[in-house]
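Architecture at a glance
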Amino acid sequence: LGNTGGAPTVLLLDRHARDPARWGRRSSGTPLQQGSMMQFLAFAIMWSSPATRINYSLLPSGSMPTTANGPCSMNRVRVASGPRCSAPLPEASSPLSGLEAVAPTEAGDERAALKTQLLLMAAACNRGFGATRADRERIAAVFGALEALSPTADATSGIEGGAFSSSAPPLAGVWRLVYTTANDVLSLDASPIAGVGAVYQEIVPPDGVTNIIDLYPRPATLLPVGMLTSALRLRVMTRAAARSGTRVGLTFYAAKAEPRALLGIDVSVLPPLGGPIPRLPGGIGTDPATSTSPSFFDVLYVDEELLLIRQNSPGGVFAAVRVDAAELEASPL
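Report follows, based on the coordinates. (Residues numbered from 1 in each chain as written. Predicted model: local features only at pLDDT ≥ 70, side-chain atom pairs only at ≥ 80, totals over all residues. Heavy atoms only, no water.)

**Comments concerning the packing of aromatic side chains**
Here the structure, examined in full by the defined rule, presents one aromatic pair. Ring centres of Phe143 and Tyr179 lie 6.2 Å apart, and the angle between their planes is 55 degrees; on these two criteria the pair is classed as tilted. Of this pair, Phe143 sits in helix α2 (residues 133-148) while Tyr179 sits in strand β8 (residues 173-180); the two residues are 36 residues apart in sequence, bridging distant segments of the chain. The aromatic ring of Tyr253 is capped on one face by Arg239, whose charged end is 4.1 Å from the ring centroid. (Phe/Tyr/Trp six-rings, centres within 6.5 Å; stacked < 30°, edge-to-face > 60°. Helix = DSSP H or I, 4+ residues; strand = E, 2+ residues; numbered from the N terminus. Lys NZ or Arg CZ within 6 Å of the ring centre and 35° of its normal.)

Okay, here's the thing in C-alpha cells:
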C-alpha cells in the first residue's frame, strides 16, 4: 500500500506474490513493472467514506479492472472517497456469479447488461432446447432482475380492454423467440421427422395475437444450406384482451399449416391446411377477458427490443426480440 495525493493506492501483485524472492521491486517514484504481470489480485480498500467497502476481485490472466471510462491502470488502482476504479464480482452464492464484471451504476446500463447476458446464455443453450437445470436457474435470475427493471408501467395499453395510450402499444409488433422453458414448444423438437426453426409471436392490436412456428425436415441438416430446402409454417390464431396492466387473456380460435417450400421449390401458392378450433362447451375459454379462462400470459418485461412473458397453461417463460415484420414474409429459399 502506498499513498498518492492523500488517497490509498493498491498495487497489483503478480501471482507469485507469496514468494518474497519474486516480489516486484519498486524504486522511489517508479511504478511496478507491468511486464512482470501474469495474473492479478486487486484489493480495492475503500476506507475514507462510510459509503465505501472492501471488494476483492480475482482477475483472470491478461485482464484488469474496468470502469465506464475504460480500463484502469495496470500499475495501480487508486481509491478515494468513492470507488473510481473497481471490478467487484457478485457474491459466490448469487445465481449471477461470474456473469458481471462491473456493476452498472444506472438502471439503463443495468438493463442493457442484463439483456446482453440473457441473449448470450439463450444462444448457448439453443433457445432453451438444450438448457440444463443450471442454465435455467441462471437465466431465471436474469429474468427476475429484468422484471424489477421493466421500463413499461402499463404493458397492455392498446390491447382490447387495456388502458388508452396515444403512443404505440408496447406489445405491438413481431417478436422472435430466443429462449423458452415452455414444454408445449420444447416438445416440438422431440420429433424425429421435423425440427423447429424460427418461432414468432405477432401481436396486432387491439386483439390479434398469432403464434408462428417454422418447421423443417431433419434430414435437411445433412445438406448444404440452401440445397433442396423444405419448410412448413404453423400458425395458431388467438383473440386477446387485457385483464390488467400486465396480463393478457387469450382465446384460441383457428390453426393452420402453410406449405412454404418443398425440395427447393416455392410452394407457398398451395392452400393452407386447417381451420377453426372447436370451442369448449359453456363459457370457459370463449372470452379472453374472463378470469375463468386458463389461457393467458403475464408480461414480465417489455421495451423497444425485448419481451419477456410467462404463460399460465401449460406454463413456462418466453424471451423474444423485436424483428421487422418483413422477416415473416421472407422466402425460405
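**Thoughts on the pattern of salt bridges**
Following the criterion strictly, the structure yields nine salt bridges and no others. A salt bridge links Lys115 to Asp303; the nearest nitrogen and oxygen atoms lie 2.8 Å apart. Of this pair, Lys115 sits in helix α1 (residues 107-124) while Asp303 sits in the loop between β15 (296-302) and β16 (306-311), and the two are 188 residues apart along the sequence. The same class applies to Lys115 as to Asp303, namely buried. In this structure, Glu327 engages Arg176 in a salt bridge whose closest nitrogen and oxygen atoms are separated by 2.6 Å. With a gap of 151 residues between them, Glu327 in helix α4 (residues 326-329) and Arg176 in strand β8 connect regions that are remote in the sequence. (Salt bridge = Lys/Arg side-chain N within 4 Å of Asp/Glu carboxyl O. Buried < 20%, exposed > 50% of the residue type's maximum accessible area, 1.4 Å probe, protein only.)

**Some remarks on α1**
The periodicity of an α-helix, 3.6 residues per turn, causes residues three or four positions apart to be oriented the same way. An ideal rise of 1.5 Å per residue puts 26 Å on 18 residues; α1 measures up with 26 Å between its terminal C-alpha atoms. Among all positions in α1, only Leu114, Lys115, Gln117, Leu118, Met121 and Ala122 are buried. Looking straight down α1, one finds its buried side chains confined to an arc of 165 degrees; they lie on one side. Looking at α1, the residues exposed on the side facing more than 90 degrees away from the buried face are Leu120, Ala123 and Ala124. Where the residues of α1 are buried, they touch α2, β8, β15, β16 and β17 (317-323). Phi turns positive one or two residues past the end of α1, at Asn126, with a value near 55 degrees. (Expected span 1.5 Å × (residues − 1). Arc of directions from axis to C-beta. Contact = heavy atoms within 4.5 Å.)

None of this, on its own, says anything about what the molecule does.
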